[in-house]
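# Chains, contacts and geometry: an overview
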Amino acid sequence: MPRKMFRKIFLVALCFVVCGALHAQTGSDKQAGLGRPASAEEVKQRDVTTLPNGAGLPDGKGTAAQGETVYRDKCAACHGPNGEGSPQGTQLVGGVGSLASDNPVRTVGSYWPYATSVWDYIHRAMPLNQPGSLSADDTYAVTAFLLNRNKIIEASEVMDKESLPKVRMPNRDGFIPDARPDVGKGSLSTGNGKNKKSQAR
Amino acid sequence: MGAAIFRKQLGFNKALCSASTTAIRYALRVGYDTRMESQPGVQPMKDKSIDPAKDNHSRTDSRGRRRFLAATTAAMAATVAGGLTDLWGDEGREPGSPLRPYGERSPFEKVARRNSRSGQMSGTGSSLTPLESLYGIITPSALHYERHHSGVPIIDPEKHELLLHGLVEKPLVFKMEEIKRFPSVSHIYFLECSGSGAGEYQGEPAPTPQQTAGLFSCSEWTGVPLSALLREAGVKPSAKWVLAEGGDASRNARSIPLEKAMDDVIVAYGQNGEAVRPEQGYPIRLIVPGWEGNINTKWLQRLHVLDQPSMTRDEAADYDDLLANGKSYRFSFVMEAKSIVTRPAGGQHLAGPGVYEITGLAWSGRARVATVEVSTDGGKNWRKAELQQPVLKNAAVRFRMPWNWDGNEAVIGSRCTDESGYVQPTHEQLVAARGTHARFHYNGIKWWRLQKSGELTNA
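Residues numbered from 1 in each chain as written. Chains lettered and ligands numbered in written order. Predicted model: local features only at pLDDT ≥ 70, side-chain atom pairs only at ≥ 80, totals over all residues.

### Topic: the overall build of chain A
Per the secondary structure count, chain A includes seven helices and four strands. For chain A, the N- to C-terminal ordering of α and β elements is α-β-α-β-α-α-α-α-β-β-α. Of the contacts formed within chain A by residues at least 6 apart in sequence, a portion of 56% connects residues at least 24 apart. (Helix = DSSP H or I, 4+ residues; strand = E, 2+ residues; numbered from the N terminus. Contact = placed C-beta atoms within 7 Å.)

Next comes the structure, spelled out in structure tokens:
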């Protein structure tokens, strides 16, 4: 019996030693040493992120008047001469105040909560047939044009990395945190209560 | 086309046997000839359907490939036609088609994705998985639903790099080869576009499972946990979000809470045992288990660690559910419990009374599927269906229930409950909670009406 016990203790001890060794080899340092350091320059070159506070917006500027030309050349074919939309492109102008109605119209003016998101999306993804082809100036200008047509800024206002984040969009406070589960038996205690509240508003 | 021609010319008679051999040889020879096309003195076989002279609008290389494909298809069709008579013939049997480096399904199988809507530009839009034609829980990669915002980019994995920067100790650039050196994981996870079934909110039910719920697929994904890459770079204490950006033309981007990024998100390079398909993000994509498809960034090229969400269009002003009161839910990430009967279902036809299997798929992005119930009387009575094992969290779950149809009208549907206690709601409950202007995250019970004639339609 004692011999068997010693063997057991020995085996358990061995386990600890082996596990410890393995841990030292792979687990103690969580880093694998893979990947090369990214230089500040290449980060700057590839980073196109913008934030609602304006961080990440590049130099450059534009007004609605300048934007009108860019819009006519690059955007109007799909989004209509005045942002009214077409089967090829969504409506960009109008609809302010319609969201709680029977016929809500979601546009840049009526729905988008941040002006920087408008700039970011145009810069990333528009025009659809040639994303990335607009300069920073053109992007500021087209953004200014859309904001102006939505009666959010004046035609003379210059949009740049300082002024754009200060623009307050009409639907800025139109979003509430995801309240789901808002239906389903599992949500009876919380979800339905939340739901009643949100409907009462 | 080849099969049609052969059948027309030869019919299904005994002569088919030897004729099909000639057809195979002919087709294969044409195939080989295309490979020799560029060699001087070698004349490709002349064939009306693949005459290079009529193909002058295309480049030589694509022409060669097309002809090779046509030849291969013809050979397969010939084999099929030959096989049909040979199986029980008494004049000897023809050997089947030769070995192939990359497999193809039977030419009899025509199951396909279909476009849900045409995008404004070629390559944008979405295509739907034919759920009613599939078995088990895995979606074949070739039938996985698609949703592209700016087409499918062609990315050379040798040149592809993933930049990880922002609130990290050391910004890093990973090559594909390095990503694959990290300890890998494989998991079966579903993906569902949050727009799946969106028309149902507005009372515009789609007529088939594919059309109402086909923005749903399930694959085994292999890759490296995102947490491993983040740890490699060293996440700073102020970090709270990670922006993931794709390498498509529109640089589609979404912000993910750091907590989720460190939990179960995968940077995936494998799908169902092979490389992720180009339509699914080749060479790498994010898999964010249980969360809406849009956040599972494809063609991943950049990860930006931030202290706040970037508020890209898709998260700030698109994939948000507009409620009747004019407010919208923000950051509706989880895809809630949902199920759908895929057979018998709309667009199908039952031959007559008798035994059928009621089967379908269930899933939940919040917790593991606990039960799936099936009703054949519009929800008056429910019976528990059998669940295919194992039932995995954030994976599709196949449910089955044998059923003896008595020939009377029936209304068939399913209801999923997950381990959080959440029960898949009815259409009416969803509309009561969210109104009819929401466009995403629809998970209502779907009913199919079976007529006495055996026809199945929307209930």
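### Here's the deal with the overall build of chain B
Assigned secondary structure in chain B consists of nine helices and 23 strands. Classification of the 459 residues of chain B by burial places 48% in the buried group. A sequence separation of at least 24 residues applies to 70% of the contacts in chain B between residues at least 6 apart. (Buried ≥ 20, exposed ≤ 12 C-beta atoms within 10 Å, placed from the backbone.)

### Examining the sheet that holds strand β17 (residues 369–375) of chain B
As a general point, the strands of a sheet are linked pairwise by backbone hydrogen bonds and lie either parallel or antiparallel. Residue and element names in this part refer to chain B. The five strands lie next to each other as β18-β17-β21-β22-β23, forming an open sheet whose pairing is antiparallel. Strand pairing shows two members of the sheet lacking a second neighbour, β18 (383–384) and β23 (456–458), which therefore form its edges. Pairing of strand β22 (residues 447–450) with β23, which is carried by three bridges, proceeds in the antiparallel orientation. Bridged to Trp448 within β23 is Asn458. (Pairing = 2+ DSSP bridges.)

### Points about the sheet that holds strand β9 (residues 253–257) of chain B
The six strands lie next to each other as β1(A)-β5(B)-β4(B)-β13(B)-β8(B)-β9(B), forming an open sheet whose pairing is mixed. Two strands in the sheet have a free side with no partner beyond their single neighbour: β1 (36–37) of chain A together with β9 of chain B.

### Considerations on the interface of chain A and chain B
In this assembly, 53 residues from chain A lie in contact with 53 residues from chain B. Counting only elements with at least two residues in the side of chain A that touches chain B, the list comes to β1, α2 (40–46), α5 (115–125), β4 (175–177) and α7 (191–200) of chain A. The element contributing the most residues to the side of chain A that touches chain B is α5 of chain A, with six residues. When the residues that make up the side of chain A that touches chain B are grouped by side-chain class, the tally is 26 nonpolar, 16 polar and eleven charged. The pairing of β4 of chain A with strand β14 (residues 328–330) of chain B spans three bridges and is parallel. Bridging from a neighbouring strand, Pro177 of chain A pairs with Arg330 of chain B of β14 of chain B. (Nonpolar A, V, L, I, M, F, W, Y, C, P; charged D, E, K, R; others polar.)

### Overview of unusual backbone geometry
In this structure, the amide linkage connecting Met126 of chain A to the following residue, Pro127 of chain A, adopts the cis form with an omega of -10 degrees. Of note in this structure, Phe331 of chain B is not a glycine but carries a positive phi near 60 degrees. Unusually for a residue other than glycine, Asn394 of chain B sits at a positive phi of about 65 degrees. Considering the arrangement of structural elements, one finds Asn394 of chain B in the loop between β19 (386–387) and β20 (397–405).

### Some thoughts on the pairing of strand β5 (residues 172–175) of chain B
Side-chain alternation along β5 of chain B places Leu172 and Phe174 of chain B on a buried face and Val173 and Lys175 of chain B on a face that remains uncovered. As paired strands, β1 of chain A and β5 of chain B are joined by two bridges and run antiparallel to one another. Paired with Pro37 of chain A across the strands is Leu172 of chain B, a residue of β5 of chain B. Here strand β4 (residues 161–166) of chain B runs beside β5 of chain B; their pairing, made up of four bridges, is antiparallel. What sits directly across from Leu162 of chain B, in β5 of chain B, is Phe174 of chain B. Between β4 of chain B and β5 of chain B, which pair antiparallel in sequence order, lie five residues.

### Thoughts on helix α6 (residues 226–233) of chain B
An α-helical turn contains 3.6 residues, so any two residues separated by three or four positions project in the same direction. Residue and element names in this part refer to chain B. α6 sits mainly inside the fold: six of its eight residues count as buried. Every buried residue belonging to α6 is among Leu226, Ala228, Leu229, Leu230, Glu232 and Ala233, and all of these are buried. Turning to α6, the residues buried within the fold contact β4, β5, β7 (216–225), α7 (258–261) and β10 (266–271). Trailing α6 by a residue or two, Gly234 shows a phi angle of about 80 degrees, which is positive.

### Looking at the nonpolar core
Generally speaking, soluble globular proteins have nonpolar side chains that are buried together. Core analysis: the biggest nonpolar cluster contains 82 residues, and Leu229, Val267 and Val397 of chain B have the highest contact counts within it. Element by element, the count of residues in this core is highest for α6 of chain B, at five residues. Residues lining this core come from more than one domain, with at least three contributed by each of domain 2 (124–317) and domain 3 (338–458) of chain B. Those residues in contact with Val397 of chain B that lie beyond four places of it in its chain are Ile137, Leu361, Ala362, Trp363, Val369, Val372, Leu387, Gln388 and Val391 of chain B. Formed by 47 residues, the second largest nonpolar core is a distinct cluster that contains Val93, Val142 and Val183 of chain A together with Val431 of chain B. (Core = buried A, V, L, I, M, F, W, Y, C linked by C-beta atoms within 7 Å. Domains from an automatic or database assignment.)

### Considering the packing of helix α3 (residues 64–74) of chain A against helix α6 (residues 136–149) of chain A
Residues and elements named next belong to chain A. It is the contact of α3 with α6, at a shortest axis distance of 7 Å, that shows an interaxial angle of 100 degrees. The angle between α3 and α6 places the two elements in the roughly perpendicular class. Only Asp138, Ala141, Val142, Ala144, Phe145 and Asn148 of α6 make contact with α3, whose side of the interface consists of Ala64, Gln66, Gly67, Glu68, Val70 and Tyr71. Across the contact of α3 with α6, the residue classes break down as seven nonpolar, three polar and two charged. (Axes fitted to C-alpha atoms, helices over the stretch in contact; angles between N-to-C directions. Parallel < 35°, antiparallel > 145°, perpendicular 65-115°, else oblique.)

### Notes on the pairing of β7 of chain B
Residues and elements named next belong to chain B. Taken across its ten residues, β7 has eight buried, putting it largely inside the fold. The pairing of strand β6 (residues 185–192) with β7 spans eight bridges and is classified as antiparallel. Paired with Leu191 across the bridge in β7 is Ser217. Two elements, β7 and β10, share five bridges in a ladder whose sense is antiparallel. When the sheet's bridge partners are listed, Val224 is paired in β10 with Val267.

### Some thoughts on the packing of α5 of chain A against α6 of chain A
All names here are of chain A. Closest axis-to-axis distance for the α5/α6 pair is 10 Å, and the angle between their directions is 130 degrees. Classified by the interaxial angle, the pair formed by α5 and α6 is oblique. Considering only the axes of α5 and α6, their crossing is right-handed. Contacts between α5 and α6 involve Ala115, Val118, Trp119, Ile122 and His123 from the first element and Thr139, Val142, Thr143, Leu146 and Leu147 from the second. (Left-handed = near helix turned anticlockwise from the far one by under 90°.)

### Comments concerning the environment of Val369 of chain B
Residues and elements named next belong to chain B. Within the fold, Val369 resides in strand β17. Note on Val369: 25 C-beta atoms within 10 Å, which makes it buried. Distance in space between the C-alpha atoms of Val369 and Lys393 is 7.2 Å, their sequence separation being 24 residues. Apart from residues lying up to four places away in sequence, Val369 is in contact with Ala362, Trp363, Ser364, Leu387, Val391, Val397, Cys416 and Asp418.

### A word on the confidence of the model for chain A
All names here are of chain A. Averaged over every residue, the pLDDT of chain A is 86; the share at 70 or more is 77%. Between residues 19–28, whose pLDDT stays under 50, and residues either more than four places distant or in other chains, the model counts one contact. In this model residues 187–201 is a low-confidence stretch, pLDDT under 50, and it forms 19 contacts with partners more than four residues away in sequence or in other chains. (pLDDT = per-residue confidence, 0-100.)

### Focus: helix α9 (residues 427–434) of chain B
Residue and element names in this part refer to chain B. All of the buried residues along α9 are Leu430, Val431, Ala433 and Arg434. Buried residues of α9 fall within an arc of 165 degrees about the axis and therefore sit on the same side. One or two steps after α9, the chain reaches Gly435, where phi turns positive at roughly 75 degrees. (Arc of directions from axis to C-beta.)

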